[in-house]
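Spelled out, the chains give:
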Amino acid sequence: MIIEKGYNLRESLKILWQNKNAGAIATGLVATLFSTMGPGMIVMNAAKSGGLTDAQAISWLLGIYLIGGLSTMFMSLRYRIPVVTAFSIPGAVMLAKILPNFPFSEAIGAYIVVAVVTLVLTLTGVMKKLVEHIPVPVMLGMVGGVLLSFGTSMFTAAINMPQVYALMIAAFFVSMAFKSFSKKVPPIVVAIVIGIVALAFYQLITPIPLSLEIAKPVLALPTFSLRAILDISIPLFFLVIGVQNIQAVGVLMAAGYKVPINAMYMVPAIGTFINSLFGAHPAVTAGPSTAICASPSAGEKKEFRFIAAFSEGVFWVAFALLAKIIVDSVKMVPKEFTAVLAGLAMFEVFKSAFEGAFAGKFRMGALVAFFIAVTNLSILNIGAPLWAIILGLLTSFIVEREDFRIQKGKDIETPLASK
């Protein structure tokens, strides 16, 4: 069978209920805070940069967290492993730069193309072979270049207003230094609290009335253009199959789980179809959240750590339904606040991207991909991310040909974003 056989959902739910524990649920909550506090801000920034309305931004958040939560609950019960379905954070970063250049309907069409290609490659059995042969360092070099502006924006804000934003960054790293504390309370949460207190002290918070209202979807209809496919679909496709999903595969393999690789690509592909109806970008299997839920903090017995992932799925659904409050809350703080949070939220992604790009094979290709992605230039109506991948691969083929001579299943560079 192309899709791996799993367990009966009802039996898994019974096992979950019998073995529920505070540690697993708390770990699921920590993973939720990690994947909502900062990444949610990144999506909001992308929506704002793309000129979307508040209703469209709310629908975007609703889509990625609702579908991600439901998919996570399904995968956890079906395979009884701590696997989390989410959305592409680097993809959202990339879209913040690309969306202003396209009608939103063309972006939706580009998302659907990603879903179709991923689904076809999975069902035909090609996906596993692609995963085994894609030079991940080149793609990570491109990701590092795309993300670089988030890091520079974060420190620019800190230099311009150190009493608020430098304090947030300092709080983030100080809390990270206390390992036992940071496992219970994510450093990004500490930065948020310190930042809000500092903004309030300096009277930089704009009061806006908030109302408890369930988020509502806004139907997004696609249109298709070759330019959008080249600039959006292809880079997102490489991010999904070669950077995002492979992180989670590597995390679970390292933890000793039997990994349903095809299911971990097929379920997000289906999720991407549904996401697009909400105006949301592609779903992926999440490396960082999967790593958190697969960690010993989720329980000593690894066969029950899927409870942590299931719990995160439940929290995600609740977060999705409250997306309107989140969108309104963002308006209360300066844009620099969300920029700093986005940069801090991406810090582990930065770390993993640079480690994976420059620590092993394909380093020259990764370096070329990094520099090209940093330029953010468009040539022949094709954006920098795709040129970064193409020219990075070409560079490696010319000067690093020996790195392509690998045996199947060996010497694959797999970045783990969070352990």
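Residues numbered from 1 in each chain as written. Predicted model: local features only at pLDDT ≥ 70, side-chain atom pairs only at ≥ 80, totals over all residues. Heavy atoms only, no water.

## Describing helix H5 (residues 104-123)
Stated precisely, the cut-off is as follows: A run of H or I in DSSP becomes a helix once it reaches four residues, and a run of E becomes a strand once it reaches two; helices and strands are each numbered from the N terminus. In this scheme, a helix's expected span is set at 1.5 Å multiplied by one less than its residue total. The rule is simple: take the accessible area with a 1.4 Å probe, protein chains only, and divide by the maximum for that residue type; under 20% is buried, over 50% is exposed, in between is partly exposed.
Given a rise of 1.5 Å per residue, 20 residues ought to cover 28 Å, and the 29 Å separating the end C-alpha atoms of H5 matches this to within 8%. Of all 20 residues in H5, 14 are buried, a share of seventy percent or more.

## Overview of the packing of aromatic side chains
The condition is simple: Any two rings among Phe, Tyr and Trp, with Trp reduced to its six-membered ring, count as a pair given centres within 6.5 Å; such a pair is stacked if its planes are under 30 degrees apart, edge-to-face if over 60, and tilted if neither.
The full count for this structure, using the stated rule, is 12 aromatic pairs. Seen from their ring centres, Tyr65 and Trp316 are 4.9 Å apart, and the 70 degrees between their planes marks the pair as edge-to-face. Of this pair, Tyr65 sits in helix H3 (residues 54-79) while Trp316 sits in helix H14 (residues 306-321), and the two are 251 residues apart along the sequence. A relative accessible area of 0% means that Tyr65 is categorised as buried. By relative accessible area, Trp316 is classed as buried at 1%. For the pair Phe354 and Phe358, a centre-to-centre distance of 6.2 Å together with 15 degrees between the ring planes defines the contact as stacked. You can see Phe354 and its partner Phe358 sitting in helix H17 (residues 347-358), four residues apart, about one turn around the helix.

## Overview of unusual backbone geometry
Phi is positive for Arg80, close to 55 degrees, though the residue is something other than glycine. Within the secondary structure, Arg80 is located in the loop between H3 and strand S1 (85-87). In this structure Arg80 comes out as buried when scored by relative accessible area, which is 17%. The backbone of Gln203 shows a phi angle near 55 degrees, a positive value even though the residue is not glycine.

## A closer look at the nonpolar core
Note the cut-off: By convention a nonpolar core is built from buried Ala, Val, Leu, Ile, Met, Phe, Trp, Tyr and Cys residues, the set being connected through side-chain atoms within 4.5 Å. Residue contacts are defined here by distance: any two heavy atoms, one from each residue, within 4.5 Å place the two residues in contact.
In this structure, Trp60, Met142 and Ile232 are the most contacted members of the largest nonpolar core, which totals 105 residues. In terms of residue count, H3 provides more of this core than any other element does, 13 residues in total. Excluding its chain neighbours within four sequence positions, the residues that come into contact with Met142 are Leu239, Ala369, Phe370, Ala373, Pro385, Ala388 and Ile389. Ranked by size, the runner-up nonpolar core spans 20 residues in total, among them Tyr165, Phe172, Ile188 and Ala198.

## Quick look at the side chain of Thr272
By the element assignment, Thr272 lies in helix H12 (residues 261-277). Setting aside its immediate chain neighbours within four residues, Thr272 contacts Tyr111, Ala115, Pro282 and Ala283.

## Digging into a nonpolar patch on the surface
Put simply, the rule reads: Note on patches: the residues involved have over 30% relative accessible area and no salt bridge, like charges join within 9 Å, and the nonpolar side chains Val, Leu, Ile, Met, Phe, Trp and Tyr join within 5 Å. Each accessible area is a Shrake-Rupley result for a 1.4 Å probe, and residues are judged covered by the shown protein chains and nothing else. A pair is scored as a salt bridge if a Lys or Arg side-chain nitrogen falls within 4 Å of a carboxyl oxygen belonging to Asp or Glu.
On the surface, a cluster of nonpolar side chains totalling about 710 Å² of accessible area is made up of Met364, Ile390, Leu391, Leu394, Phe397, Ile398, Val399 and Phe404. Inspection of the secondary structure puts Ile390 in helix H19 (residues 384-399).

## Thoughts on the confidence of the model for the protein chain
In plain terms, the rule: Scored from 0 to 100, pLDDT reflects the predictor's confidence in each residue.
Summarising the model, the protein chain shows a mean pLDDT of 84, and 91% of its residues fall at 70 or more. Averaged over each element, pLDDT in the protein chain is lowest for helix H6 (residues 126-133) (70) and highest for helix H1 (residues 9-19) (95). Note on residues 407-419: pLDDT under 50 across the span, and 30 contacts to partners over four residues away in sequence or across chains.

## Focus: H14
Here H14 spans 23 Å end to end across 16 residues, near enough to the 22 Å set by a 1.5 Å rise per residue. For H14, a buried count of 12 out of 16 residues is recorded, marking the element as mostly surrounded by other parts of the structure. Looking at H14, one finds that the buried residues are Phe306, Ile307, Ala308, Ala309, Phe310, Ser311, Glu312, Gly313, Trp316, Val317, Phe319 and Ala320.

## Some details on the side chain of Ser276
Summarising the element assignment, Ser276 is placed in helix H12. Residue Ser276 is classed as buried on the basis of its relative accessible area, which comes to 1%.

## Focus on the packing of H5 against H12
Quick note on the threshold: A fitted line through C-alpha atoms serves as each axis, taken over the contacting stretch for helices, and the angle formed by two N-to-C directions is quoted from 0 to 180°. Each angle receives one of four descriptions, namely roughly parallel if under 35 degrees, roughly antiparallel if over 145, roughly perpendicular if within 65 to 115, and oblique otherwise. Working rule for handedness: look at the near helix, and if it is turned counterclockwise from the far one by less than a right angle, call the crossing left-handed; if clockwise, right-handed. Put simply, Ala, Val, Leu, Ile, Met, Phe, Trp, Tyr, Cys and Pro go in the nonpolar bin, Asp, Glu, Lys and Arg in the charged bin, and everything else, Gly too, in the polar bin.
The N-to-C vectors of H5 and H12 enclose an angle of 155 degrees; their axes lie 9 Å apart at closest approach. In terms of orientation, H5 and H12 fall into the roughly antiparallel class. Our pair here, H5 against H12, has a crossing hand that is left-handed. In this structure, H5 contributes Ile108, Tyr111, Ile112, Ala115, Val116, Thr118, Leu119, Thr122 and Leu123 to the contact, and H12 contributes Asn262, Tyr265, Met266, Ala269, Ile270, Thr272, Phe273 and Ser276. Grouping the constituent residues of the contact of H5 with H12 by class yields 12 nonpolar, five polar and no charged.

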